[in-house]
Amino acid sequence: MNLHAPVILLLASFSAVGADSLTNAQPMLGFSPEAAAKERDLEARFDSALKRENLRDWMKQLTAHPHQLGSPYDKANAEFIADLFRSWGYQTQIEEFEVLFPTPKTRVLEMTAPEHFTARLAEPPIPQDSTSSLTSEQLPTYNAYSKDGDVTGQLVYVNYGRPADYEVLAERGVDVAGKIVLARYGGCWRGIKPKVAAEHGAIGCLIYSDPRDDGYFQGDTYPAGAWRNENGAQRGSVCDLPLYPGDPLTPGVGATKDAKRLSQAEAPSLAKIPVLPMSYGDATPLLRALRGPVAPEPWRGALPLTYHLGPGPATIHLKLEFDWKQTPVYDVIAKWPGRERPDEWVIRGNHQDAWVCGADDPVSGTVALLEEARAVSELTHRGGQPRRTIVYTVWDGEEPGLLGSTEWVETHAEELSRKAAVYVNTDSNERGFLNVGGSHTLERLMNEVARDVPDPETHESVGTRWRAERILKAAMADRKEIRDRPDLRIEALGSGSDYTPFLQHLGIASLNLGYGGEGDGGSYHSVYDSFDHFTRFGDPDFEYGIVLARTCGRIVLRIANSQRLPFEFSNFVDTVGRYVTEVERLTEEMRTGTAETNRLLAEKTLVVTSDPKQTFVAPKPNPEVPFLNFAPLRNALTRLQGSVRNFEAARRAAPANAALSEDSPALDQALTQLERSLLHAEGLPRRPWYQHVIYAPGFYTGYGVKTLPGVREAIEQRNWEEAAQQIQIAAEAIDKFASQLGRCAEIAGKAAP
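Fair warning: this is a prediction, and the values are worked out from it, not measured in the lab.

(A) Representation of the packing of helix H21 (residues 631-653) against helix H24 (residues 720-749). In contact at an axis separation of 8 Å, H21 and H24 are set at 15 degrees when each is read in the N-to-C sense. Considered as vectors, H21 and H24 are oriented roughly parallel to each other. Taken as a pair, H21 and H24 cross one another with a handedness that is left-handed. For the contact of H21 with H24, the per-class residue count stands at 18 nonpolar, four polar and two charged.

(B) Layout of the packing of aromatic side chains. What the rule picks out here adds up to 27 aromatic pairs. Plain terms: the ring middles of Tyr 142 and Trp 355 are 6.0 Å apart, the flat faces sit at 90 degrees to each other, and that makes the pair edge-to-face. A residue pair is termed long-range when its members are at least 10 positions apart, and Tyr 142 in the loop between strand S2 (117-118) and strand S3 (143-144) and Trp 355 in the loop between strand S10 (341-351) and helix H10 (359-381) qualify at 213 residues. No difference in accessibility class separates Tyr 142 from Trp 355, as the two residues are buried. Plain terms: the ring middles of Trp 395 and Trp 408 are 5.4 Å apart, the flat faces sit at 55 degrees to each other, and that makes the pair tilted. Of this pair, Trp 395 sits in strand S11 (residues 388-395) while Trp 408 sits in helix H12 (residues 403-411), and the two are 13 residues apart along the sequence. Residue classification places Trp 408 among the buried positions, given a relative accessible area of 2%. The residue whose ring lies beneath Arg 212 is Phe 217, and the NZ or CZ to ring-centre distance is 4.2 Å. Over the face of the ring belonging to Tyr 690 we find Arg 687, whose NZ or CZ atom lies 5.6 Å from the ring centre.

(C) View of the confidence of the model for the protein. For the protein, the mean per-residue pLDDT works out to 92, and 91% of the residues sit at or above 70. Of the regions scoring below 50 in pLDDT, residues 1-10 engages in 13 contacts with residues more than four places distant in sequence or in other chains. Low pLDDT (under 50) marks residues 604-610, which in the prediction has eight contacts with non-local residues, meaning those over four places away or in another chain.

(D) Structural view of the pattern of salt bridges. Counted according to the given criterion, the structure contains 47 salt bridges. Salt bridges sharing partners connect three or more residues here, namely Arg 40, Glu 43, Asp 47, Arg 451, Asp 452, Arg 550, Arg 554 and Arg 558.

(E) Expanded view of the side chain of Asp 47. Relative to the assigned elements, Asp 47 resides in helix H3 (residues 33-49). The class for Asp 47 is buried, based on a relative accessible area of 16%. Looking at Asp 47, its side chain comes within polar contact range of the side chain of Arg 554, at 2.7 Å. Ignoring any residue separated from it by four or fewer positions in sequence, one finds Asp 47 in contact with Arg 550 and Arg 554.

(F) The arrangement of the pairing of strand S1 (residues 91-113) in detail. When S1 meets strand S9 (residues 315-336), the two strands line up antiparallel, connected through 21 bridges. Residue Val 99 lies in a different strand from S9, and its bridge partner there is Thr 327. Relative to S2, S1 runs antiparallel, the two being bridged by two bridges. Along S2, the bridge assignment pairs Met 111 with Phe 117.

(G) Looking closely at the nonpolar core. Counting residues in hydrophobic clusters, the biggest one holds 218 residues, and the most contacted among them are Phe 85, Leu 206, Tyr 208, Leu 287, Tyr 392, Leu 513 and Ile 715. If one sorts the elements of this core by residue count, H24 sits on top with 15 residues. Every residue in contact with Tyr 208, bar those within four places of it in the chain, is listed here: Tyr 157, Leu 182, Ala 183, Arg 184, Tyr 185, Met 278, Ser 279, Tyr 280, Ala 283, Leu 287, Leu 303 and Tyr 307.

(H) View of the pairing of strand S4 (residues 149-157). As defined by bridge partners, S4 adjoins S9 across six bridges and the pair is classed as antiparallel. Within S9, the position partnered with Gly 153 by the bridge is Ile 316. In the sheet, S4 pairs with strand S5 (residues 180-184) via three bridges, with the strands oriented parallel. Looking across to S5, one finds that Val 156 is bridged to Val 181.

(I) Summary view of unusual backbone geometry. A cis amide bond links Ala 113 to the next residue, Pro 114, at an omega of 0 degrees. For Pro 114, the location among the structural elements is in the loop between S1 and S2. Here the residue pair Tyr 222 and Pro 223 is connected by a cis peptide bond, since its omega of 15 degrees sits within 30 degrees of zero. For Pro 223, the location among the structural elements is in the loop between helix H8 (211-214) and strand S7 (236-237). At Leu 402, a residue that is not glycine, the phi angle is positive and equals roughly 55 degrees. Note that Leu 402 resides in the loop between helix H11 (398-401) and H12. A positive phi is found at Arg 686, a non-glycine position, where the angle reads about 70 degrees. Here Arg 686 is to be found in the loop between helix H22 (664-676) and strand S15 (695-697).

(J) Broad picture of helix H4 (residues 52-62). Along H4, the residues classified as buried are Asn 54, Leu 55, Trp 58, Met 59 and Leu 62. On an axial view of H4, the arc spanned by its buried residues comes to 125 degrees, and they lie on one face.

(K) Spatial organisation of the packing of H4 against helix H18 (residues 531-538). In contact at an axis separation of 10 Å, H4 and H18 are set at 145 degrees when each is read in the N-to-C sense. Contacts between H4 and H18 involve Arg 56, Met 59 and Lys 60 from the first element and Phe 531, Phe 534 and Thr 535 from the second. Here the contact of H4 with H18 is composed, by residue class, of three nonpolar, one polar and two charged.

(L) Structural detail: the environment of Asp 210. If you trace the backbone, Asp 210 turns up in the loop between strand S6 (204-208) and H8. By relative accessible area, which is 0% here, Asp 210 ends up buried. Distance in space between the C-alpha atoms of Asp 210 and Glu 230 is 9.3 Å, their sequence separation being 20 residues. Among residues more than four places away in sequence, those in contact with Asp 210 are Arg 184, Gly 215, Tyr 280, Gly 301, Ala 302, Leu 303 and Tyr 307. Within the structure, Asp 210 has its side chain in polar contact with the backbone nitrogen of Arg 212 (distance 2.9 Å). Within the local environment of Asp 210, its side chain forms a polar contact with the backbone nitrogen of Ala 302, the two atoms lying 2.9 Å apart.

Each value, and the rule that gives it
Residues numbered from 1 in each chain as written. Predicted model: local features only at pLDDT ≥ 70, side-chain atom pairs only at ≥ 80, totals over all residues. Heavy atoms only, no water. Axes fitted to C-alpha atoms, helices over the stretch in contact; angles between N-to-C directions. Helix = DSSP H or I, 4+ residues; strand = E, 2+ residues; numbered from the N terminus. Parallel < 35°, antiparallel > 145°, perpendicular 65-115°, else oblique. Left-handed = near helix turned anticlockwise from the far one by under 90°. Nonpolar A, V, L, I, M, F, W, Y, C, P; charged D, E, K, R; others polar. Phe/Tyr/Trp six-rings, centres within 6.5 Å; stacked < 30°, edge-to-face > 60°. Buried < 20%, exposed > 50% of the residue type's maximum accessible area, 1.4 Å probe, protein only. Lys NZ or Arg CZ within 6 Å of the ring centre and 35° of its normal. pLDDT = per-residue confidence, 0-100. Contact = heavy atoms within 4.5 Å. Salt bridge = Lys/Arg side-chain N within 4 Å of Asp/Glu carboxyl O. Polar contact = N/O pair within 3.5 Å; in protein donor to acceptor, adjacent residues only side chain to side chain. Pairing = 2+ DSSP bridges. Core = buried A, V, L, I, M, F, W, Y, C linked by side-chain atoms within 4.5 Å. Arc of directions from axis to C-beta.

Structure representation (structure tokens):
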């Protein structure tokens, strides 16, 4: 069966819309009709300049050797990329930072009881993968920023290792204090797993890839198929990213050579216990040796064994030692100055460092960015110099914790706060559907671009295909809105890639996008994320690399060339209104649930278990949920709605050429400050680096976003006093946004007749 047949059938029903969407009659945000026609002509020339063979050649070059942070080939790649930009005419430099980056010296994992087993902890070469044999250049399987340690303890299986999983363990009388936990990858970002384990008293953490999530349960394993084989393991960082990204020793300041640094003991983002990743081949004997309660059905993976929780009798010895050294980061920064507004910057980025060879993550996105930049330079050489400055950035050190981008942003914070208009990020890219998240002031722009880019498989627009996928995946109750709404909603951004310091620390409006869903997985952060794997299973013909270049190229060119910056605010106010409704509903659901649970406990009618073989501990009554006053948020939202109406009225009243008036630079400057107005200088509670009051990674999700994070997380933690404070802080930020938008309306209105 063709798994994508439902999407194809649904696309057929959109054919008229799709055909319409690629015509030149559609409006273009930030452009008059005449200027839009010129821009479309420019974009057609941009498309014709793109060459698919460049992507293949550059990927072959960049992935020929492992190029993790600090490796010789990492520096060689940065120099190769910088030379390309220079050859195309960009003002190019490599900026260097010094960061803490530990690499392993000792890795020992063994089961000492009830039988002895020593984990292999290696990904063997396979003949079908030409770079998998470069073992002397590879980093072994490990988790960066794990604590050094030599610990022995009984094993406990904790599912995905999320806070909710420990609640299930507690209900079954399983305590992890003094134990070593075994968590499977998935469910949350990997750094959350040792963080929560340490909070519950565990002395060590193991993380394995279960074949249900990432192996033979999904499809044939590599090299026969794309999925992770029994020896594949996922490297990755376990620094506490929700506290702050970047160099653990220089939070908030650039990690230049003379920067003041914390000691390792003072660095709060370093893991508190030793952590090690492993393959499901190595995990199988450990899981098989566990006893204790049988794991709940949703916790069971696809290994041929009964999943038990423990503790023990499996006893684990884990010994880890690291070389904690300062390592250079090489960021490539390439600028093309704007002809009219050189101090307004459109910044475009992708990283190039990898855990091993990294064809999918990140080189699939890197080569698309390079081809995009080459084609943009070709346009400029032919008289199409952009109105605003375009800055192409290729980051180093993303994998260990967004090191290169964060240190660059922190170093240049003052200049970026004045000049940066938008940041556009990509990372991995494969065949499939458009995925996009970002600032909702850019939602309309993203929809317009998606409408104008053709999909190579369906020959409709990528926007039409995006809508079809969203309808098929949505709950029945949500499908009508997706069908009827003119624009598709983009996702809110949490963390996990290089947009984080731009958006959540400096308040620079950002987008993060890529294609995927049809390239099979299984190579993530593995030695097998290689040119051979990618060109068989990811994007063999680099069709979607070209699509990504077309998509991002349009975004960059439209922002760079628009008569006024293409922000739009009705989508933003609608989205913030949804977030306010969500936190109100969350509070009410908690109030209702608490009252019902406490009533049943009081009547002693709560059924704890129907299985006499299981041991459960009844929950303690929760305090009642007090009244929370959401009126400040609702009032701020009302004022924002009024400011949006006033701005749109002023914009419509201005003549078509008003965006070229002497007031236009002032309007642009005012527009770029809108996202900055959503920052709170003191940051979020207990993590001041994150200053955006609308978007942040969750304290216990890592990559996953929390919207209205200060309010939402205080409610989830039942910290009612803090929730009330955060409601007021969020309301004040929304009010500042509304006031700033009012100033934008005044500037736009000056050109009105």
